[in-house]
Amino acid sequence: MQKKILKDVNVKDKRVLVRVDFNVPMEDGEVTDDTRIKAALPTIEYLINEEAKVILMAHLGRPGGEVKEELRLDPVAKRLANLLNKTVFKTDETVGAEVEKAINEIETGDVVLLENTRFNPGEKQNDSDFAKKLGELADLYVNDAFGATHRAHASTAGVAEYTDEAVMGFLIQKELETMGDAIQDPEEPFVAIMGGVKVSDKIGVIETLIEKVDALLIGGGMANTFIAAQGYEIGDSLLEEEKIDLAKKLIDKAKEKGVKLLIPKDVVIADDFAADAEHKVVSVKQIEDKWQALDIGPETVNDFKDVIKDAKTIVWNGPMGVFEMATFAKGTFEIAEALAESDAITIIGGGDSAAAVKKAGLADDMTHISTGGGASLQFMEGKPLQAVEALDNK
Ligand code: ADP
Ligand code: MG
């Protein structure tokens, strides 16, 4: 079903309530990475230019339904004001008299940011009273919080029922279009690279993608379960024992489908999960007792690069190793480099993968870096995103 988008509605002089994803990293009361704030700017600036009254709402962290001083959105308002070069009126409440007064007092083209939606216990329960109170603040609702679309909360989904219209903002539109095109009608060869911690987090996506891709490259912690499935010892490496059978089935499925499935041939093992641990490159047949695999090895990197260089569409989800430690970052950075050099459509999903690409200084060389880890996984899995479903149909 096609959903209504921002361009489909008239916003002039209207009170427009916009759910954004401002769940940004903070340190000592300062925003340390404003990628997500910047990603919301096209929608916010459009509404300002179209002379709407812009009412923003967002969550930050996990306050658990109560006020946590360190999770107030004031630092976010400050950064947004800098980026917009414009006053942002920040309220100390999310709904109620103070908020209504602020909205009554602003002019068209002004911006208000409501307090952290998760200070209210109704938010995560998708409570209809809370959703109604939010909806009554505005004439129409725009959802642009892609990173929160896989959760039906009061400010992402419930609220859509309580405004005249409920539409999708530019960021969600771009995320869905870019990833949708890549997955539904990929230019081939289509290659998926999966890594990160757990097979169980990504099993749905792997099962969906194995039906569509020409090659599937597996690295990171999850590769260990596949290495174990091939009958090798993996020492103290991260393992999901109960997923070994599933890994075997996927190996068989890939064969059956003619999908090229690459599992690491060599890995960097360490005697401790630490940046200064003893470490060495070994074949996966020689992982020693008490050692753990923390990165893919150079032979594996080369095998992966060979596949990447011929690809026309690449989706990548999950780092190849513990890239947070320089000693084990090489596999991830080299794969990032290979994607950056490729002329394929390159799509990065997953919060840590996005962080790794940024850390490698290669963010600008990718076609699309999703702002939503869980949401992009759910979308790639082919499952509906609840907070998109809640919006008006065309
Ligand atoms: P994303 O957020 O991109 O979806 P995940 O959250 O699944 O990725 O996984 C990211 C984490 O996986 C990183 O913190 C990284 O350190 C860790 N990781 C990668 N490879 C290994 C490994 N071999 N052993 C343990 N942890 C790993
Ligand atoms: Mg992650």
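As a convention, each chain's residues are numbered from 1 in the sequence order in which they are written. Chains and ligands are labelled by the order in which they are written, letters from A for the one and numbers from 1 for the other. Local features are withheld for residues below a pLDDT of 70 in this predicted model, meaning they are given only at 70 or higher, and side-chain atom pairs are given and counted only at 80 or more; totals for whole chains, interfaces and linings count all residues. The side-chain numbers reported here are obtained from all heavy atoms of the structure, hydrogens and water having been left aside.

Considering the sheet that holds strand β6 (residues 111-113)
Right, so step 1: Pairing between two strands requires that DSSP report at least two bridges joining them. By definition, any uninterrupted DSSP run of H or I lasting at least four residues is a helix, any uninterrupted run of E lasting at least two residues is a strand, and each is numbered from the N terminus. With respect to topology, six strands assemble into an open sheet ordered β5-β6-β4-β1-β7-β8, the strand pairing being parallel. The open sheet has two edge strands, β5 (88-90) and β8 (165-168), and neither has a second partner. In this sheet, adjacent strand axes meet at a mean angle of 25 degrees when their direction is disregarded.
Right, so step 2: Pairing of strand β1 (residues 15-19) with strand β4 (residues 53-57) involves five bridges; the strand directions are parallel. The residue bridging Arg19 from the neighbouring strand is Met57, located in β4. Lines are fitted to the C-alpha atoms to define the axes, a helix being fitted only along its stretch in contact, and any angle between axes, read from their N-to-C directions, falls within 0 to 180 degrees.

Description of the layout of surface pockets
Right, so step 1: Each cavity reported here is a set of points on a 1 Å grid over the protein atoms alone in which a 1.4 Å probe fits but cannot get out, each pocket an open set with protein on both sides within 12 Å along at least five of seven lines, and each lining residue one with an atom within 4 Å of a point. Grid points are joined across faces, edges and corners, and a volume is the space filled by probe spheres set on the points. By volume, the largest pocket amounts to about 1,000 Å³.
Right, so step 2: Lining the largest pocket are 39 residues, with Asp21, Arg36, Thr371, Gly372 and Gly373 positioned closest to its centre.
Right, so step 3: Of all elements in the fold, only α1 (35-49), α5 (170-184), α11 (351-359), β17 (368-369) and α12 (373-380) reach the threshold of two or more residues within the lining of the largest pocket.
Right, so step 4: In terms of residue class, the lining of the largest pocket is built from eleven nonpolar, 16 polar and twelve charged.
Right, so step 5: Taken together, domain 1 (6-171) and domain 2 (178-380) each give at least three residues to the lining of the largest pocket, which thus spans both. By the convention adopted, Pro, Cys, Tyr, Trp, Phe, Met, Ile, Leu, Val and Ala count as nonpolar, Lys, Arg, Asp and Glu as charged, and the other residues, Gly among them, as polar. Those domain boundaries reflect an automatic or database domain assignment.

Quick look at the UniProt feature "binding site: (2R)-3-phosphoglycerate" (unreviewed entry) in the chain
Right, so step 1: Taking the UniProt record as the reference, the feature "binding site: (2R)-3-phosphoglycerate" (unreviewed entry) is found at Arg36, Arg118 and Arg151. Checking the annotated residues one by one, the ones that line the largest cavity turn out to be Arg36.
Right, so step 2: Tracing the backbone through its elements, the reader meets Arg36 in helix α1.
Right, so step 3: Overall, the relative accessible area of 25% leaves Arg36 in the partly exposed class.
Right, so step 4: Residues contacting Arg36, with those up to four places away along its chain left out, are Asp21, Phe22, Asn23, Val24, Thr371 and Gly372.
Right, so step 5: Each polar contact in these results corresponds to two N or O atoms within 3.5 Å; when the atoms are within protein, one needs to be able to donate a hydrogen and the other to accept it, and residues that are neighboring in sequence are counted only if both atoms are side-chain atoms. Within the structure, the side chain of Arg36 is placed 3.2 Å from the side chain of Asp21, a separation counted as a polar contact. UniProt positions are given in the numbering used here, feature names are shortened, and annotations may be inferred rather than shown by experiment. Partly exposed describes any residue whose relative accessible area lies between the buried limit of under 20% and the exposed limit of over 50%, with all areas from a 1.4 Å probe on protein chains only and scaled to the type maximum. Contacts are assigned to residue pairs that have any heavy atoms within 4.5 Å of one another.

Some words on the site of ligand 1
Right, so step 1: With respect to spatial proximity, 17 residues lie near ligand 1, and among them Lys202, Ala293, Glu324, Asp352 and Ser353 are the closest.
Right, so step 2: One of the side-chain nitrogen or oxygen atoms of Glu324 is found 2.4 Å away from an oxygen atom of ligand 1.
Right, so step 3: One of the side-chain N or O atoms of Ser353 is found 2.4 Å from an oxygen atom in ligand 1.
Right, so step 4: Working definition of accessibility: Shrake-Rupley area with a 1.4 Å probe, residue cover restricted to the visible protein chains. Summarising the interface, the protein chains cover 86% of the accessible area of ligand 1, which totals 580 Å² for the free molecule.
Right, so step 5: When contributions to the shell around ligand 1 are tallied by element, the ones reaching two or more residues are β14 (292-296) and α11.
Right, so step 6: Among the elements that line the shell around ligand 1, the one with the most residues is α11, at three residues.
Right, so step 7: Residues belonging to the shell around ligand 1 are distributed by class as follows: five nonpolar, nine polar and three charged. Here a residue counts as near a molecule or strand whenever at least one of its heavy atoms sits within 4 Å of it.

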